[in-house]
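Secondary and tertiary structure notes
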Amino acid sequence: MQLTKLALGLGLALGMAATALAQTTMRISISTAQNSHQGVAIDTFAKEVEKRTGGRYKVQTFYNGALGGERESIEAVQLGTQELAFSSTGPVPNFVPETKILDVPFLFRDKAHARAVLDGPIGQDLLTKFDAKGFKALAWAENGFRHMTNSKRDVKTPEDLKGLKMRTMENPVHIAAYKGFGIITTPMAFPEVFTALQQGTVDGQENPLPVIISAKFDQVQKHLSLTGHVYSPCIFVMNKGVFDKLSAADKQAFLDAAKEGTKANRARVDEDDAKGVADLRAKGMTVIDDLDKSKFVAALAPVNAQFEKEFGKANLDKIRNYK
C-alpha cells in the first residue's frame, strides 16, 4: 500500500515537473501604464496565448517602460534578448523603413479608414517587410490620432505652434513634419516625457487621447488642441527566430491571440476617444476642438511635397483613397 502511494506520488510529481518543463515563458512590454489601450492589448494577448496553447506558453507582461522605452524594446526583440514587444510605430521606421509612409500627416481620414488600410492588402503587405529585419510582425493595432498639448498657450492655428519646444517620437517623418510647423523638435523616449514636461525641459508633446489620459499629462500640461495631425498605429512584434521554432498550430495561436489583442485595444481607444475630452476638461485642461484643419494641412504643403518625392505620390494616394 505504502509502495503504491509512493509510486503515485512520484508519478504525480514527475507529471507536474514535466508540465513545468513543458511551459515556455516569454516576455512582452509596453511603455504606457497597464490601465491603458496598450495594457489591454498585451493583457488580452497573454491570456489568449495561454488559452490557445493549453498553457504550454505563458507571456509575462511588463508596463511603464519597465524593460526600456519602445526603441529599446524593439531592439531587444530584434536581438532576441526579449521575445515580444507591443509598440507604437514611432521608432519602427528605424528598423523597418518601409513603414515610414504610415506616419505622413493627414494621410488617414478617420479611424475606420486607417483600420481598413492596415487590415487590408496594404497593411498586410507591410507586415511582411519585418521578416528580413529579424521580426515576425503579428498584427497591427492602434495608438490613435495624435493631438498637441503644451504648457504655454492655446493652439488654434499653425502659427501658434511656432517656437514651441515639443517632445517628438524618435521618428524621422514626424520630426520633418513638425519642423514644418516651426516647432523646436526634441526626440525623446516615452518613459522620460512626464518628467521633461514637469521640469519644463520641453513645453509640450503630442499623443493620442488614450496616451494623454493614461500618462496623466493633464497634471503637467494646460492646453490641448485636437489637431489629429497623425494617425499612430501600434504593432505586435515577435523575434523571428522564436516564432519560426513554433509548430504550425502554435504559430497560428500567436497570430490569433494578437488579433484578439487588437480587437480589445481598438475598443479601448474608441472608449477613451469618446470620453477623453470631457475627462480632461474636468481635470482642468483647456481643450480646443474647433480647429480649421485645412490651415494645418496647408502649412505642411512644402513638407508634403518632400514626402511625395520620398514615398511616391501614387503610393500616398493609394492609401488616401483606399475604401
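Structural data are supplied above this passage.
Conventions and cut-offs
Residues numbered from 1 in each chain as written. Predicted model: local features only at pLDDT ≥ 70, side-chain atom pairs only at ≥ 80, totals over all residues. Heavy atoms only, no water. Pairing = 2+ DSSP bridges. Helix = DSSP H or I, 4+ residues; strand = E, 2+ residues; numbered from the N terminus. Right-handed = clockwise from strand over helix to strand, strands pointing away. Buried < 20%, exposed > 50% of the residue type's maximum accessible area, 1.4 Å probe, protein only. Contact = heavy atoms within 4.5 Å. Polar contact = N/O pair within 3.5 Å; in protein donor to acceptor, adjacent residues only side chain to side chain. Salt bridge = Lys/Arg side-chain N within 4 Å of Asp/Glu carboxyl O. Arc of directions from axis to C-beta. Core = buried A, V, L, I, M, F, W, Y, C linked by side-chain atoms within 4.5 Å.

**Here we look at the pairing of strand S5 (residues 165-168)**
Residues in a regular strand point their side chains to alternate faces of the sheet. Looking at chain direction, S5 and strand S6 (residues 184-187) are connected through four bridges and run parallel. Among the inter-strand pairings, Arg 167 is bridged to a residue of S6, identified as Thr 186. The parallel pair S5 and S6, bridged by helix H6 (residues 172-180), forms a crossover whose chirality is right-handed. Relative to strand S7 (residues 204-208), S5 is paired through two bridges, and the arrangement is parallel. Within S7, the residue paired with Met 166 across the bridge is Gly 204.

**Quick word on the environment of Ser 88**
Examined against the element boundaries, Ser 88 turns out to sit in strand S3 (residues 84-88). A relative accessible area of 1% places Ser 88 in the buried class. Remark: the alpha-carbon pair of Ser 88 and Ser 232, spanning 144 residues in sequence, is separated by 6.7 Å. When near neighbours in sequence (up to four residues on either side) are disregarded, Ser 88 contacts Glu 70, Asn 143, Met 169, Ser 232, Pro 233 and Cys 234. Engagement of the side chain of Ser 88 in a polar contact is seen with the side chain of Glu 70, the distance being 2.7 Å.

**Notes on the pattern of salt bridges**
If you walk through the whole model with that rule in mind, you get 22 salt bridges. Taking the shortest distance from any N to any O, the salt bridge between Asp 250 and Arg 56 comes out at 2.9 Å. A residue pair is termed long-range when its members are at least 10 positions apart, and Asp 250 in helix H10 (residues 248-282) and Arg 56 in the loop between helix H2 (37-52) and strand S2 (57-62) qualify at 194 residues. Notably, a salt bridge pairs Lys 240 with Asp 244, separated by 2.8 Å at the nearest N-O pair. Highlighted residues: Lys 240 and Asp 244, both in helix H9 (residues 240-244), separated by four residues, approximately one helical turn. The partly exposed category is assigned to Lys 240, whose relative accessible area is 22%. Accessibility expressed as a relative area gives 39% for Asp 244, which makes it partly exposed. Each of Lys 111, Arg 115, Glu 142, Asp 270 and Asp 273 takes part in salt bridges that share partners, so that together they form one network.

**Side note on unusual backbone geometry**
Its identity is not glycine, yet Asn 64 carries a phi of approximately 55°, on the positive side. Here Asn 64 lies in the loop between S2 and helix H3 (70-79). The backbone of Phe 106 sits at a positive phi, close to 55°, despite the residue not being glycine. Mapping Phe 106 onto the fold places it in the loop between S3 and helix H4 (111-119). With relative accessibility at 18%, the residue Phe 106 sits in the buried group.

**Focus: H3**
Within H3 the residues assigned to the buried category are Glu 70, Ser 73, Ile 74, Ala 76 and Val 77. All buried residues of H3 lie within an arc of 155° about the axis, which places them on one face of the element. On the buried face of H3, the contacting elements are strand S1 (24-29), H2, S3, strand S4 (135-150) and strand S8 (223-239). With its phi angle positive at about 90°, Gly 80 sits one or two positions after the end of H3.

**Quick word on H4**
Of the positions making up H4, those classed as buried are Lys 111, His 113, Ala 114, Arg 115, Val 117 and Leu 118. In this structure, the buried side of H4 is in contact with helix H5 (121-128), S4, S8, H10 and helix H13 (313-320). Two or three places before Ala 112, at the start of H4, stands the capping residue Asp 110, its side-chain oxygen 3.3 Å from that residue's backbone nitrogen.

**Examining the side chain of Thr 44**
Within the secondary structure, Thr 44 sits in helix H2. Residue classification places Thr 44 among the buried positions, given a relative accessible area of 15%. Setting aside its immediate chain neighbours within four residues, Thr 44 contacts Glu 260, Gly 261 and Ala 264.

**Regarding the environment of Lys 263**
As for its position among the elements, Lys 263 is in helix H10. On the basis of relative accessibility, which here comes to 55%, the residue Lys 263 falls in the exposed class. For the pair Lys 263 and Ala 41, spaced 222 residues apart in sequence, the C-alpha separation works out to 8.0 Å. Within the structure, Lys 263 has its side chain in polar contact with the side chain of Glu 260 (distance 3.2 Å).

**Notes on the nonpolar core**
Counting 46 residues, the largest nonpolar core has Phe 108, Phe 130, Phe 135, Trp 140, Leu 161, Phe 181 and Ile 235 as the members making the most contacts within it. For this core, the secondary-structure elements that each account for two or more residues are H3, H4, H5, S4, H6, S8, helix H12 (301-311) and H13. With five residues, the top contributor of residues to this core is S4. Not counting residues up to four positions away in its chain, the partners in contact with Leu 161 are Met 148, Arg 153, Val 155, Phe 181, Gly 182, Ile 183 and Phe 296. Counting residues in hydrophobic clusters, the runner-up holds 25 residues, among them Tyr 57, Val 59, Leu 138 and Phe 243.

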